[in-house]
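Letter by letter, the chains look like this.
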Amino acid sequence: MDSWRNRAFNKVLFRIMRQRLASCNSTQEMRDLILSIDNYGAFISAPKGMEVIPTKFAHIPCDWVNMPHSSGSKIILYFHGGGFCFHSPKIHGAFLGRLANATKSRGLMVNYSLAPEKPYPYAPDECFAVYRALLIQGYLPHQIILAGDSAGGNLALTTLIRLRDAKLPMPAGAILMSPVSDMAVTGESAFKKCKDDPFFDLSTLLLMRNNYIGNQNPCDPDISPYYANHHDLPPIFVTAGTEELLMDDAIRLADKIGKAGGDVTINVVKGVPHVYPLFYQLSEAREAIKLMAGFINEKYKAAKAE
């Protein structure tokens, strides 16, 4: 429901995020801005009892995100968003903690290398390596769910496609929130929503993209998984909001996965911004966590039974 609360939240987000991002002249300025927002406690808060434990898999820094009832065997392998250029660990950690709590899982956030210092293919190589390391250490694929928001949604789907092509065991499923799937930016929403998106404008989006891919072909399937083949993937849950540039990245991607015979659920929510499930103050975010938790629990059971 497109409520007055959503409209008020979008106006606040427009002022503290979009307008300030648009005024940044460098990646470092964007990182400083995101860090200040991440440290703004009133904007997002961690769930009670959340514990963050630094670790490494395949020599790549990660964080265990545990809740009091987390199971040691069930893992949500999380690839954070941030335009491939920055990280907001408190906001992403709080979301992961809530999703882990709702599924009695452990969260594992991958702190992959950031562009432009380490552009493509550093991030997808590292995400793939962490999943492989989990398997090598004895974690069972049917007890792993991949999840990611924005750039992290791109990395989650790219990891699935690489796993399929390498004929490695697949996780039980994946959750993609406002995924960046088409680096060529051919979706209509990127232009129709360019004045309304409260998160970022098109020039900011293109700056982050160019930091990541440089002179690479934006239609390379390993960069833009929208252009990949989508056969033989595990179940996928996709969600996005109607007020974002990347709405069509989610809708068109889900359509292609479905046409390839995949088990895909698409959930487009009216009136909410980019990566809306991260903003727990929105009722739609709380409802999304319930839906994603239901998806995760169902896929854990289904994959174990196979």
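Residues numbered from 1 in each chain as written. Predicted model: local features only at pLDDT ≥ 70, side-chain atom pairs only at ≥ 80, totals over all residues. Heavy atoms only, no water.

Honestly, the overall build of the protein in this entry has me stumped. Any pointers?
A tally of helices and strands in the protein yields 9 helices and 8 strands. Over its C-alpha atoms the protein spans a radius of gyration of 18 Å, differing by no more than 12% from the 19 Å that the globule rule assigns to 306 residues. For the protein, the spread of C-alpha atoms along the three principal axes comes to 50 × 45 × 35 Å. Going through the 306 residues of the protein one by one, you find that 58% of them count as buried. Considering only contacts within the protein whose residues lie at least 6 apart along the sequence, 78% involve residues at least 24 apart. Total accessible area on the protein stands at roughly 12,600 Å², and carbon and sulfur atoms take up 53% of it. (Helix = DSSP H or I, 4+ residues; strand = E, 2+ residues; numbered from the N terminus. Rg over C-alpha atoms; globule rule 2.2 N^0.38 Å. Buried < 20%, exposed > 50% of the residue type's maximum accessible area, 1.4 Å probe, protein only. Contact = heavy atoms within 4.5 Å. Areas by Shrake-Rupley, 256 points an atom, 1.4 Å probe, with all protein chains shown as cover.)

Would you mind going over the packing of helix α1 (residues 4-22) against helix α2 (residues 27-38) with me for this structure?
Axis angle and axis distance: for two packed helices, these are the angle between their axes and the distance between the axes, and together they describe the pair. α2 packs onto α1 with a crossing angle of 165° between their chain directions and a minimal axis gap of 10 Å. Judged by the angle between their axes, α1 and α2 are roughly antiparallel. Here α1 runs over α2; the crossing is right-handed. In this structure, α1 uses I16, M17, R20 and L21 to contact α2, whose residues at the interface are M30, L33, I34, S36 and I37. (Axes fitted to C-alpha atoms, helices over the stretch in contact; angles between N-to-C directions. Parallel < 35°, antiparallel > 145°, perpendicular 65-115°, else oblique. Left-handed = near helix turned anticlockwise from the far one by under 90°.)

Just to check I follow, could you spell out the packing of aromatic side chains for this structure?
One pair of aromatic rings is described through two measures. These are the centre distance and the angle between the planes. Considering all chains together, one arrives at 10 aromatic pairs under this definition. Centre to centre, the rings of W64 and Y139 are 6.3 Å apart; their planes meet at 45°, and the pair counts as tilted. Here Y139 lies in the loop between α4 (122-136) and β5 (144-149) and W64 lies in strand β2 (residues 60-66), a separation of 75 residues in the sequence. Ring centres 5.5 Å apart and planes at 85° place the aromatic pair F199 and F200 in the edge-to-face group. Accessibility expressed as a relative area gives 13% for F199, which makes it buried. (Phe/Tyr/Trp six-rings, centres within 6.5 Å; stacked < 30°, edge-to-face > 60°.)

Explain the pairing of strand β8 (residues 264-269) to me, please; I cannot follow it from the model alone.
The two faces of a sheet get side chains in turn, since along a regular strand they alternate between them. Note: strand β7 (residues 236-241) against β8, 6 bridges, orientation parallel. Each residue of the ladder has a partner; that of T239, found in β8, is N267. Each parallel crossover has a hand, and the one from β7 via helix α8 (residues 247-259) to β8 is right-handed. (Pairing = 2+ DSSP bridges. Right-handed = clockwise from strand over helix to strand, strands pointing away.)

Any chance you could explain the environment of M208 here in plain terms?
Tracing the sequence through the fold places M208 in helix α7 (residues 202-213). Using a relative accessible area of 4% as the deciding quantity, one classes M208 as buried. Each residue touching M208, except ones within four places of it in the same chain, is listed here: M30, G82, G83, C85, F86 and F200.

Help me understand α1, please; the structure alone is not making it clear to me.
Residues lying three or four places apart along an α-helix face the same way, a consequence of the helix completing one turn every 3.6 residues. An ideal rise of 1.5 Å per residue puts 27 Å on 19 residues; α1 measures up with 25 Å between its terminal C-alpha atoms. The largest bend along α1 reaches roughly 40° and is located at F14. Inspection of α1 places N6, F9, N10, L13, M17, R18 and L21 among the buried residues, and these make up the whole buried set. On its buried face, α1 sits against α2, α7 and α9 (283-305). (Expected span 1.5 Å × (residues − 1). Bend = angle between axes of the 7 residues up to and from the residue.)

Can you help me understand the sheet that holds strand β4 (residues 106-110) in this one?
The strands making up a sheet associate through hydrogen bonds between their backbones, and the pairing can be parallel or antiparallel. One open sheet accounts for 8 strands, arranged β1-β2-β4-β3-β5-β6-β7-β8; its pairing is mixed. Since the sheet does not close on itself, it has two edges, and those belong to β1 (51-57) and β8, each with one partner. Adjacent strand axes in the sheet meet at a mean angle of 20° when their direction is disregarded. As defined by bridge partners, β5 adjoins strand β6 (residues 173-177) across 5 bridges and the pair is classed as parallel. If you follow D149 over to β6, its bridge partner there is M177. On top of the sheet, α4 reaches β1, β2, β3 (75-79), β4 and β5; it is set at about 165° to β3, its chief contact. The strands that helix α5 (residues 151-165) touches are β3, β5, β6 and β7; relative to β5, the one it contacts most, it runs at about 145°.

Any functional reading would require information that these geometric values do not contain.
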